[in-house]
Amino acid sequence: GTMGWAGMQELLRYPERYKVRVLARPSEKNKRKLAPYSDKIEVVWGNLTRYENVLLGVTGADMVLHVGGMVSPQADYRPTTTRKTNLTAAKNIRDAVLAQPVDKQPKVVYIGSVAQMGDRREPLHWGRTGDPICVSAYDHYGITKAMAERIITNSPIKNWVSLRQSGILYPAILKNYDPIMFHVPVRGVLEWATVEDSGRLLERVCRDDVPEEFWKRYYNIGSGEQYRLSNYEFECLL
């Protein structure tokens, strides 16, 4: 995916610091994309919904970055598949982490979504991480992200964090003309996150100097004030 690929590129900038293991579906596209990295990463070919694949990826790891899953717009067209994929993946990761020796249990970074918070109408444009979960009607993706987050955060995992991702700005977004563009109110607002910032975040959270108080919390991801746009402004730019 977009964020996972950016995170992998960032991790590979520090070969002296990280050994990277990637879980990827054995599609022809994935095999072509990962072939140039065969000497830099370990690939577990498999599926997030298969526990044995997830267990193989988790075992021996210090950090689990759970970035994969079904996302919109495909998530809206295939709600049953989205629910199965996103919830089963979270359960498999939870169970695989808890299957590790307690003293070697990896930390878990779950990538949530601001979609868990639902609409933002004036005068409550800007959300806080402590706001209630209030997914918009018919948002199958947002519902599964909230449920999957709960699977991780309500578990006995010692160190977890939920990073609620905003919309990701990446070049190919200009090719994604889909009716989902108009599923948001034009007077709504969003603080976008660039794909570069998203990749850097996945690398930074793996560093040894991350403070203990960072864990067992929820954070909203965004690239700052300059990326705050109304949906009307964003549609005009598109």
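Residues numbered from 1 in each chain as written. Predicted model: local features only at pLDDT ≥ 70, side-chain atom pairs only at ≥ 80, totals over all residues. Heavy atoms only, no water.

Caption draft 1: Broad picture of the side chain of H66. Checked against the element boundaries, H66 lands in strand β3 (residues 63-66). Excluding its chain neighbours within four sequence positions, the residues that come into contact with H66 are L48, A89, A90, I93, V109, Y110 and I111. (Helix = DSSP H or I, 4+ residues; strand = E, 2+ residues; numbered from the N terminus. Contact = heavy atoms within 4.5 Å.)

Caption draft 2: Structural detail: the pairing of strand β4 (residues 107-113). With six of its seven residues buried, β4 lies for the most part within the structure. Where β3 lies against β4, four bridges are found, and the strand directions are parallel. Bridging across to β4, V64 finds its partner in V108. Of the pairings in the sheet, the one linking β4 to strand β5 (residues 160-165) comprises six bridges and is parallel in character. The partner of I111 across the bridge, within β5, is L163. With respect to chirality, the unit in which β4 leads through helix α6 (residues 140-153) into the neighbouring parallel β5 is right-handed. (Buried < 20%, exposed > 50% of the residue type's maximum accessible area, 1.4 Å probe, protein only. Pairing = 2+ DSSP bridges. Right-handed = clockwise from strand over helix to strand, strands pointing away.)

Caption draft 3: Representation of the side chain of E149. Looking at the element boundaries, E149 is found in helix α6. In this structure E149 comes out as buried when scored by relative accessible area, which is 5%. Looking at E149, its side chain comes within polar contact range of the side chain of Q116, at 3.1 Å. In contact with E149, not counting residues within four places along its chain, are Y110, Q116, I133, S162, R164 and Y218. (Polar contact = N/O pair within 3.5 Å; in protein donor to acceptor, adjacent residues only side chain to side chain.)

Caption draft 4: Local environment of the environment of P132. Checked against the element boundaries, P132 lands in the loop between β4 and α6. Separated by 106 residues in sequence, P132 and L238 have C-alpha atoms that sit 31 Å apart.

Caption draft 5: Summary view of the nonpolar core. Counting 27 residues, the largest nonpolar core has M8, V20, I41, V109, L163, F214 and W215 as the members making the most contacts within it. Every element with two or more residues in this core is listed here: α1 (2-11), β1 (20-24), β4, β5 and α7 (195-204). Per-element accounting of this core gives the leading share, four residues, to α1. Counting residues in each nonpolar core, the second largest holds 17 residues, with V58, A90, A96 and I152 among its members. (Core = buried A, V, L, I, M, F, W, Y, C linked by side-chain atoms within 4.5 Å.)

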